[in-house]
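Remarks on the overall topology
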Amino acid sequence: PYNKKLLLLFPVILIYCVTYVIFPQVLGDIIDGFADSLMLSLLGLGEGNIVSQVMPQVIKAVVIFLIMAAANILQGFIISEIVTSYSLSLRNAMISKFNRISEKYIDSSDHEELLSFLTGDIDALNQSLNLLLANVIPSILLVISVIITQFALSEVVGSICLLICVIGLLFDFIYSKI
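Residues numbered from 1 in each chain as written. Predicted model: local features only at pLDDT ≥ 70, side-chain atom pairs only at ≥ 80, totals over all residues. Heavy atoms only, no water.

1. Overview of the confidence of the model for the protein chain
For the protein chain, per-residue confidence averages 84 on the pLDDT scale, and 96% of positions sit at 70 or higher. Of all helices and strands in the protein chain, the one with the weakest mean pLDDT is helix H3 (residues 103-108) (72), whereas helix H5 (residues 155-177) scores best (90). (pLDDT = per-residue confidence, 0-100. Helix = DSSP H or I, 4+ residues; strand = E, 2+ residues; numbered from the N terminus.)

Quick look at the structure:
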């Protein structure tokens, strides 16, 4: 029942990742443009106001930042909606099953312990799903998009970035086995 929301989530995460990768490059262009304009102005070769020359890049950076922030907020809302709906459906299923339990079993067991056990498992699943959807999937897509960007800039830098990621995963795997 959550396929449509999940299908909506992935493009939002992708938009966030793309803007997250593009934003530093735009900031670098602003700094380079400002430095070039300042240097030309100091040498007496500059034309006009430095701020007006850099302003188009600043506007571009603000727009990209706003898109990135909106995608991040929308991603949070979608994840919250999916996890909350799923948790609610599990709680409703638990209540309907609990209502069908025989009175003899309920009378022979500790009510609070039984309810605590059932709701504790649902809360743990809720937290795990929230962590998975909010952190793991976007982080994996972000690492992939950064590696692709590094390869686009330079094959050497991309290879180094990929090698560092592989070494980090190996150390993480070894460390988790210890």
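2. A short note on the packing of aromatic side chains
The final tally for this structure, using the stated rule, is three aromatic pairs. For the pair Tyr2 and Tyr86, a centre-to-centre distance of 5.9 Å together with 85 degrees between the ring planes defines the contact as edge-to-face. With Tyr2 in the segment before helix H1 (3-42) and Tyr86 in helix H2 (residues 50-99), this residue pair connects regions lying 84 residues apart in the sequence. Overall, the relative accessible area of 30% leaves Tyr86 in the partly exposed class. (Phe/Tyr/Trp six-rings, centres within 6.5 Å; stacked < 30°, edge-to-face > 60°. Buried < 20%, exposed > 50% of the residue type's maximum accessible area, 1.4 Å probe, protein only.)

3. Focus on the pattern of salt bridges
As enumerated under the stated definition, the model contains two salt bridges in all. Residue Lys5 pairs with Glu81 through a salt bridge whose shortest N-O separation is 3.2 Å. In this pair, Lys5 is assigned in helix H1 and Glu81 in helix H2, connecting sequence segments 76 residues apart. Residue Arg91 is joined to Asp123 by a salt bridge in which the shortest nitrogen-to-oxygen separation is 2.3 Å. On the criterion of sequence distance, the pair formed by Arg91 in helix H2 and Asp123 in helix H4 (residues 111-153) is long-range, its members being 32 residues apart. For Arg91, a relative accessible area of 25% corresponds to the partly exposed category. The class of Asp123 is partly exposed, set by a relative accessible area of 33%. (Salt bridge = Lys/Arg side-chain N within 4 Å of Asp/Glu carboxyl O.)

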